[in-house]
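So the chains spell out like this:
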Amino acid sequence: MPHTTPDALLAQLRWRYAVNKFDPTRTVPSDIWSALEQAAILAPSSFGLQPWKLVVITDQAVKARLTALSWNQSQPRDCSHMAVFAARTGINRADVDRYIARIAHVRGLPITHPDLTNFHATMMATINALPQEAADEWCARQCYIALGFLLSACGALAVDACPLEGIQNDEYDALLNLRQRGYRTIVAAAVGYRAKDDWLAPLPKVRFATEDIVIRV
């Protein structure tokens, strides 16, 4: 049985919007934020590799610096939690080895199990066939899946959010020390609660009609 109804789900997704102005006095409770983090972690990815990191910023001074690196948009500064999705660069055998070890641990399998060795070979064949630039782009695309899960979870839990691509990615990398870790900023999301005077909040959500979007075969 579903834990919600179609109408209830759609009501929450229609309620959410890309917040233009956050209330800086409100903070997302820790239990709700933990659930939002887990929603992002539970997002699917190619092979399940999760070639990305979620950087969570709550330090007010750092958030203020991120606003300056986001073309002075106020959302990073005024939100409760700033989420930055960073993709793996130079994905390699060590990443696959680590993932296989995790599968073995979680599922109680020996690392030499044929299912794991075959899966390892399949992943390595895919990665080795990709030029570096293509492999980095493949990893970057996984960030958007996780972002989508985070935004949907925010809507379901009545938490506001705003995805942000209008950011200075290289400057984010420098501030958050991402390149040294083997990652690069792809996209961000400000999470918190809308300000009462956000002019966007009362406006009807604009989407094309279903028949203009959906192609049925």
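Residues numbered from 1 in each chain as written. Predicted model: local features only at pLDDT ≥ 70, side-chain atom pairs only at ≥ 80, totals over all residues. Heavy atoms only, no water.

**Q** I'd like a rundown of the overall build of the protein chain, residues and numbers included.
**A** Along its length, the protein chain carries 9 helices and 4 strands. Taking the principal axes of the C-alpha coordinates as reference, the protein chain spans close to 60 × 45 × 35 Å. Evaluated residue by residue, the protein chain yields a buried proportion of 41% over its 217 residues. Here the contacts in the protein chain between residues at least 6 apart in sequence split such that 80% fall between residues at least 24 apart. Looking at the protein chain as shown, the accessible area adds up to about 12,600 Å², and 56% of this sits on carbon and sulfur atoms. Distance between charge centres in the protein chain, computed from 22 positive and 21 negative side chains, equals 3 Å. (Helix = DSSP H or I, 4+ residues; strand = E, 2+ residues; numbered from the N terminus. Buried < 20%, exposed > 50% of the residue type's maximum accessible area, 1.4 Å probe, protein only. Contact = heavy atoms within 4.5 Å. Areas by Shrake-Rupley, 256 points an atom, 1.4 Å probe, with all protein chains shown as cover. Lys, Arg positive; Asp, Glu negative; His and termini not counted. Charge placed at Lys NZ, Arg CZ, Asp CG, Glu CD.)

**Q** Explain the packing of helix 5 (residues 93-107) against helix 6 (residues 114-128) residue by residue, including any values.
**A** Across the interface, helix 5 lies against helix 6 with an axial gap of 10 Å and an inter-helix angle of 155°. Between helix 5 and helix 6, the interaxial angle falls into the category roughly antiparallel. Remark: the crossing between helix 5 and helix 6 carries right-handed chirality. In this structure, helix 5 contributes Arg93, Val96, Asp97, Tyr99, Ile100, Ile103 and Ala104 to the contact, and helix 6 contributes Leu116, Phe119, His120, Met123, Met124 and Ile127. Looking at side-chain class alone, the contact of helix 5 with helix 6 contains 10 nonpolar, 1 polar and 2 charged residues. (Axes fitted to C-alpha atoms, helices over the stretch in contact; angles between N-to-C directions. Parallel < 35°, antiparallel > 145°, perpendicular 65-115°, else oblique. Left-handed = near helix turned anticlockwise from the far one by under 90°. Nonpolar A, V, L, I, M, F, W, Y, C, P; charged D, E, K, R; others polar.)

**Q** Which residues make up the pairing of strand 2 (residues 81-88), and what values go with them?
**A** Counted residue by residue, strand 2 has 8 buried out of 8 residues, so it is predominantly covered. Taken together, the 6 bridges between strand 1 (residues 52-57) and strand 2 define a ladder with antiparallel strand orientation. Considered in strand 2, the bridge of Trp52 is made with Ala87. Judged from the 8 bridges that link them, strand 2 and strand 4 (residues 183-192) form a sheet pairing that is antiparallel. Residue pairing across strands places Ala87 opposite Arg184, the latter belonging to strand 4. (Pairing = 2+ DSSP bridges.)

**Q** An account of the pairing of strand 4 is needed here, citing residue identities and associated values.
**A** Along strand 4, 9 of the 10 residues are buried, which leaves the element largely enclosed by surrounding structure. Sheet analysis places strand 3 (residues 160-164) next to strand 4, joined by 5 bridges and oriented antiparallel. Paired with Asp160 across the bridge in strand 4 is Gly192.

**Q** Explain the layout of surface pockets residue by residue, including any values.
**A** Roughly 670 Å³ of volume is contained in the largest pocket. Taken together, 22 residues form the lining of the largest pocket, with Leu49, Gln50, Arg98, Tyr99 and Arg102 sitting closest to its centre. Counting only elements with at least two residues in the lining of the largest pocket, the list comes to helix 2 (30-41), strand 1 and helix 5. The dominant element in the lining of the largest pocket, judged by the number of residues it contributes, is helix 5, at 8 residues. Of the residues that constitute the lining of the largest pocket, the class distribution is 13 nonpolar, 2 polar and 7 charged. Taken as a whole, the second largest pocket encloses approximately 200 Å³ of empty space. (1 Å grid on protein atoms, 1.4 Å probe; cavity = no way out; pocket = protein on both sides within 12 Å on 5 of 7 lines; lining within 4 Å. Points joined across faces, edges and corners; volume = space filled by probe spheres on them.)

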